[in-house]
Amino acid sequence: MAWCRITNRTPVRDRPGALGWRRGPYYRRSRVMPVEGRGLGSRQTQDVGKDRRLGNLSTPKRVQKLQRALYAKAKSAPDFRFYALYDKIYREDILAQAYAQCRSNKGAPGVDGQDFADVEAYGRERWLGELALALREETYRPEPIRRVFIPKANGKLRPLGISTLRDRVCMTAAMLVLDPIFEADLPSEQYAYRPGRSAQQAAVDVEETLFRSHPDVVDADLSDYFGSIPHAELLKSVARRIVDRRVLHLIKQWLECPVEETDGRGRKRRTTAAKDSRCGIPQGSPVSPLLANLYMRRFVLAWKQLGLERSLGSRIVTYADDLVILCRRGKAEEAQRWMREIMGKLKLTVNEEKTRICKLPEEEFDFLGYTFGRMYSARTGQARIGYRPSKKSVQRMVRKIHALTAEAMVWQETTALVGKLNRMLRGWANYFQVGSVSRAYRALDRYTTMRLRRWLRNKYKIRCSGYRYYPDSYLYETLRLVRLSRLGCDVAWVKA
C-alpha cells in the first residue's frame, strides 16, 4: 500500500553448505507480496507497493492521501487516539473504492441474495448513495451472516461467514480507514494480511532465525482461534487507538451479527451464538484479518514485556493463527510453558495434540506449507538447515491434478484442460517460490506429464504407450503445458 513503507527482510544469503538451495521463479529479492483475503499466492499482488495498487485496482489519490496521513500520525504518535473517523467511512470516494475492491473479489451473495449484477441494474451510484445516507444518519444495521462450510486439508470442514454485499462494502470502507492506523502498531513478528508482507517472508524469517542458532522450536497450534477471541478484550484493543463511539459501535454490531445456516433439507436456522457467548469473529468477512491481527498482537507484546524474548533467546513468527517460537537450545520447554500461560490469560485454547517441541536438526516441523529441517546438497552432500514444500502440500497438488485429468473429464477440449493445469501449476509455484523447490517442481512435472498422456490416450482411444504419440516436446511446445522446473528460464512461460 502507498501509505505504508515496510522494509522487507533480506532473503537468506548464499553461504557455504547451501549449494543446491534456490528460490522459485517468481521470487523477487525486493518484494514478495501477500494475497489479500484469499490465502496466499496471487502474483498480481506482488507489486502493490510499487504501483500503489491493491490487486488490479488503482487506489484513488484522495484515498491514498488520507491513508498516508493516518499512517504517519499513528506511527509518529504511538499514544494518539483517533476521535473523528466515522465521517471518513461514508465518504463518496471511500465507498466507491470499497465497492470496487469487493467486486474484484467476486464474492458470493449473502442472506439477501443480492449480487453485483443486481446493484449495477439498480444503479451503483444510487445504491452507494443510499448506503452513505444510512451511515450518515446512523440507521445502518448489518444483516445476518450466511454460514457455509468449506473442506480443509485434513478432511474436516471450516466454517466461513458470507456477509451481504452491502455489509461487505461497509466493512471494506471501514478497513480502508482503520488499516493504516493499526498497521503502524503491528510488530514485525506478524506477517498475515499486511501490505508488503507474506507467508513467503515468514518462511524466510524462520529459516534465518534457525540459522542463527535457534534450533529448538515450539510448533504451536490454537483451537478455533477466530471463534474464541473474546469481544470485550478485542474491543479494548481497538479502543486503545479509536475513541470514535460510532466506529466502535459499527465493529460491535459486526461482531454480534446473527448467523444463518441451511441444513441438509434446505431449512434455514438463525442463531446468535456470537452475541450470546460474546466471543468469536466472523471468519471470511473483510474485518476479520485486522481484528485477528490485533488480538494476536497482545500475545506478541506480552511475550516481549515479560522479557521472554531476551531471557529465552526466542523469536516469534506468526501468520494469522499459525505460530512458531524459535528458541536457543534447551529453552523450548520453558517457552512452551510460558506460551500456555499467556494464551490462557488471553482466553485462547492451545491444541495440546498438535502443539509440540521440535529440536533441529534431528527433527522436522511444518509451517505454512513448508517443511523445515536438515537437508543435503545435491552437489556436495553437505548437510544444512533449510526448508522445502511439505509432503502434504505436494500430495494435495497431486490429488488436484489427478482429479482434473480423470477419465471422466475427457469431454473437455485439450486446450481448455491444459489451460486449467497451467493456472493450477502457476498458482502452486507462485506460493512455493522460496526454499528448496527444485525437487518438488520436478516431481510435479513428472506426474503432470504422466497424467496428461493418460488423459490424451483415453480421450483419443489410443492403446499403445502415450509417450510415442505425446512426447515431452509435444506437451510443452505444442500444447504449451507449464514446466515448473523451467519456469523463469523461458520469458514466454513466465509472462503467460
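Coordinates for the structure precede this section.
These numbers were taken from a predicted model, which means no experiment stands behind them. (Residues numbered from 1 in each chain as written. Predicted model: local features only at pLDDT ≥ 70, side-chain atom pairs only at ≥ 80, totals over all residues. Heavy atoms only, no water.)

Q: Got a minute to help me understand the packing of aromatic side chains in this structure?
A: Any aromatic ring pair is given by two values, namely how distant the centres are and how the planes are angled relative to each other. Throughout the structure, instances matching the rule amount to 18 aromatic pairs. Cluster of aromatic residues (ring-pair linked, three or more members): Phe365, Tyr370, Phe372, Tyr387, Trp428, Tyr431, Phe432 and Tyr441. The residue whose ring lies beneath Lys73 is Phe80, and the NZ or CZ to ring-centre distance is 4.6 Å. The aromatic ring of Tyr191 is capped on one face by Arg197, whose charged end is 4.8 Å from the ring centroid. (Phe/Tyr/Trp six-rings, centres within 6.5 Å; stacked < 30°, edge-to-face > 60°. Lys NZ or Arg CZ within 6 Å of the ring centre and 35° of its normal.)

Q: Please explain the side chain of Arg384 as it appears in this structure.
A: Locating Arg384 in the fold gives a position in strand 13 (residues 383-389). Separated by 2.8 Å, the side chains of Arg384 and Ser436 make a polar contact. (Helix = DSSP H or I, 4+ residues; strand = E, 2+ residues; numbered from the N terminus. Polar contact = N/O pair within 3.5 Å; in protein donor to acceptor, adjacent residues only side chain to side chain.)

Q: Would you mind showing me how to read helix 8 (residues 199-211) here?
A: One turn of an α-helix holds 3.6 residues; hence residues three or four places apart share an orientation. For helix 8, with 13 residues, the first-to-last C-alpha span of 19 Å sits near the 18 Å given by 1.5 Å per residue. Among the 13 residues in helix 8, twelve count as buried, and that is most of the element. Taken together, the buried positions of helix 8 are Ala199, Gln200, Gln201, Ala202, Ala203, Val204, Asp205, Val206, Glu207, Glu208, Thr209 and Leu210. (Expected span 1.5 Å × (residues − 1). Buried < 20%, exposed > 50% of the residue type's maximum accessible area, 1.4 Å probe, protein only.)

Q: Sorry if this is basic, but what is going on with the packing of helix 6 (residues 124-136) against helix 7 (residues 165-183) here?
A: For any two helices packed against each other, one specifies the inter-axial angle together with the distance between the axes. Viewed as axis vectors pointing N to C, helix 6 and helix 7 meet at an angle of 65 degrees, and their least axial separation amounts to 11 Å. On the basis of their axis angle, the class for helix 6 and helix 7 is roughly perpendicular. Our pair here, helix 6 against helix 7, has a crossing hand that is right-handed. Where helix 6 abuts helix 7, its residues Trp127, Leu128, Leu131, Ala134 and Leu135 lie against Leu165, Arg166, Val169 and Cys170. (Axes fitted to C-alpha atoms, helices over the stretch in contact; angles between N-to-C directions. Parallel < 35°, antiparallel > 145°, perpendicular 65-115°, else oblique. Left-handed = near helix turned anticlockwise from the far one by under 90°. Contact = heavy atoms within 4.5 Å.)

Q: Could you clarify how one ought to interpret the packing of helix 10 (residues 231-239) against helix 11 (residues 245-255) in this entry?
A: Where helix 10 contacts helix 11, the two axes come as close as 11 Å, and the packing angle between them is 150 degrees. With respect to helix 11, the element helix 10 is oriented roughly antiparallel. Taken as a pair, helix 10 and helix 11 cross one another with a handedness that is right-handed. Across from His231, Leu234, Leu235, Val238 and Ala239 in helix 10, the residues of helix 11 making contact are Leu248, Ile251, Lys252 and Leu255.

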